[in-house]
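Coordinate analysis (summary)
Chain by chain, the residues:
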Amino acid sequence: MDFSELKLARPLLKAVGEQGYEKPSPIQEKAIPPVLEGRDLLGCAQTGTGKTAAFALPILQRLAAGHPNHKGVRALILTPTRELALQIDECFENYGRYVNVSHAVIFGGVGQAPQVAALGRGVEVLTACPGRLNDLIGQGFVDLAHLEVFVLDEADRMLDMGFVHDVKRVIKHLPAQRQNLLFSATMPKEIEQLAGSILKRPVSVKVDPPASTVDKIRQSLYFVEKGDKKRLLAFLLADPGVKNALVFSRTKHGANAIAAFLIKQGVGAAAIHGNKSQSARVAALESFKAGRIKALVATDIAARGIDISELTHVFQLDLPEVPETYVHRIGRTGRAGAEGTAVSFCSAEEREYLQGIEKLIKKKIPVVKDHPYAPGAPRPAQEEEQER
Ligand code: AMP
């Protein structure tokens, strides 16, 4: 199928073409027609499937069709993390380049004055994290009385992060008559219940995380003692074949320690996690996207939703206890058809997690035995020096 078959207006097709998208992704094919018709939608899809365009394009088309005489918000997208909020707003900027629809993003952790100023000018598409949105609603800065479309993005994550009450508080301010779209990577019972309370006769669409994407990723496993993981990482990052790498750390403290170690070894790196200020996170992400630093060290929550389309490598310093997390992490590379490499470290204590992962992905991860930090191998002389 072609984008032009989706009944999208020419200015949107032009913008999509400029993004380099050739064909709609499966979620876009399935979701765009009913959303254009004004139907409610339940979308089971994870980040990386193109779900943002699946809702942003039809919303832009509907809003561009007429501009009412009020300054209230016309479409609200609620999303759990600041990074996702920024990315979604950027999508509205990119896809909406040739239509006249105003947009803005609000989230906590930064001063509210610029956000309030933007709201005062009138915002048609507002992307928001629930906490800050409720603050600003409470202060009377957000008018949702005329809302036309409500999107709840990453609903399962909202639940995990404890935002469900915030979400319900926001919904109380919405007019009864509106279009609702709910997206979630997984559909546990709580999400089904939430969907049941929000959506009216929804169209359900489901796309699986494309297995082929995961198959395209070159995976490898290094057995290494816990205390040698950082050194092995620095050694592997020195390979010029590694253009940029997202490094997963289980903890925020670990992420800081890994980034500091890499910097000491002369590898450009930054850590990104919930304890960092918003401006530090944005700065780290921008340095990474611009290629000024090679490694971005992130916790799972911080990494979720970060959209870096040309990521060559993913490193997992610890194997996750939950096997699906392994798949989510490696799926950060090899996106949109590109090739990717996923390298995982496994210490003696993590062997049991390996079994669960290999059962889930239905294959054995190839093991690289020949490396300087293989358990039992003689340690490189230079490293011994640094140890003392
Ligand atoms: P999302 O799932 O919305 O986070 O999108 C994941 C990535 O896919 C983003 O980098 C988008 O720019 C990209 N993308 C979205 N739709 C398409 C498409 N039809 N063709 C190619 N890439 C796309």
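This part covers the site of the ligand. With respect to spatial proximity, 13 residues lie near the ligand, and among them Tyr21, Gln28, Gly48, Gly50 and Thr52 are the closest. In this structure, Lys23 approaches the ligand through a main-chain N or O atom, which is 2.8 Å from a nitrogen atom. One of the side-chain nitrogen or oxygen atoms of Gln28 is found 2.7 Å away from a nitrogen atom of the ligand. A total of 490 Å² of accessible area belongs to the ligand in isolation, and the protein chains cover 81% of it.

Phi angles above zero are rare outside glycine, and Lys7 is one such case at about 60 degrees. Assessed through its relative accessible area of 70%, Lys7 is described here as exposed. Positive phi is not limited to glycine here, since Arg201 has a value of about 40 degrees. Inspection of the secondary structure puts Arg201 in the loop between helix 9 (189–198) and strand 7 (203–206).

In this section: the sheet that holds strand 2 (residues 75–78). Read across the sheet, 7 strands follow the order 3-4-2-5-6-1-7 without closing on themselves; strand pairing throughout is parallel. Both outer strands of the open sheet, strand 3 (103–106) and strand 7, are each paired with one neighbouring strand and no more. For this sheet, the mean inter-axis angle between neighbouring strands, taken without regard to orientation, is 15 degrees. Of the pairings in the sheet, the one linking strand 1 (residues 41–44) to strand 7 comprises 4 bridges and is parallel in character. Following the sheet pairing, Gly43 is matched in strand 7 by Val205. Against the sheet, helix 3 (residues 51–64) contacts strand 2, strand 4 (125–128), strand 5 (149–152) and strand 6 (179–184), and its axis sits at roughly 170 degrees relative to strand 6.

Our next topic: the domain arrangement of the chain. You can read the domains of the chain as domain 1 (3–206) and domain 2 (217–383). Placing the centre of domain 1 and that of domain 2 at their C-alpha centroids yields a distance of 32 Å. Facing the 17 residues of domain 1 at the interface are 14 residues of domain 2. Between domain 1 and domain 2, roughly 1,300 Å² of surface is buried when both sides are summed, and carbon and sulfur atoms account for 46% of that area. Sorting the residues of domain 1 by area buried against domain 2 places Glu83, Gln87 and Arg157 first, and these three jointly supply 42% of that buried surface. Our count for the contact surface shared by domain 1 and domain 2 stands at 1 salt bridge. Between Glu83 and Arg281 there is a salt bridge, and its shortest N-O distance comes to 3.0 Å. Put simply, domain 1 and domain 2 have 1 residue pair in polar contact (both at pLDDT 80 or more) between them. Elements with a minimum of two residues in the side of domain 1 that touches domain 2: helix 4 (82–95) and helix 7 (155–160). Broken down by element, the side of domain 1 that touches domain 2 gets its largest block of residues, 5 residues, from helix 4.

Conventions and cut-offs
- Residues numbered from 1 in each chain as written.
- Predicted model: local features only at pLDDT ≥ 70, side-chain atom pairs only at ≥ 80, totals over all residues.
- Heavy atoms only, no water.
- Near = heavy atom within 4 Å.
- Polar contact = N/O pair within 3.5 Å; in protein donor to acceptor, adjacent residues only side chain to side chain.
- Areas by Shrake-Rupley, 256 points an atom, 1.4 Å probe, with all protein chains shown as cover.
- Buried < 20%, exposed > 50% of the residue type's maximum accessible area, 1.4 Å probe, protein only.
- Helix = DSSP H or I, 4+ residues; strand = E, 2+ residues; numbered from the N terminus.
- Pairing = 2+ DSSP bridges.
- Axes fitted to C-alpha atoms, helices over the stretch in contact; angles between N-to-C directions.
- Contact = heavy atoms within 4.5 Å.
- Domains from an automatic or database assignment.
- Buried area = accessible area lost by both parts, 1.4 Å probe.
- Salt bridge = Lys/Arg side-chain N within 4 Å of Asp/Glu carboxyl O.

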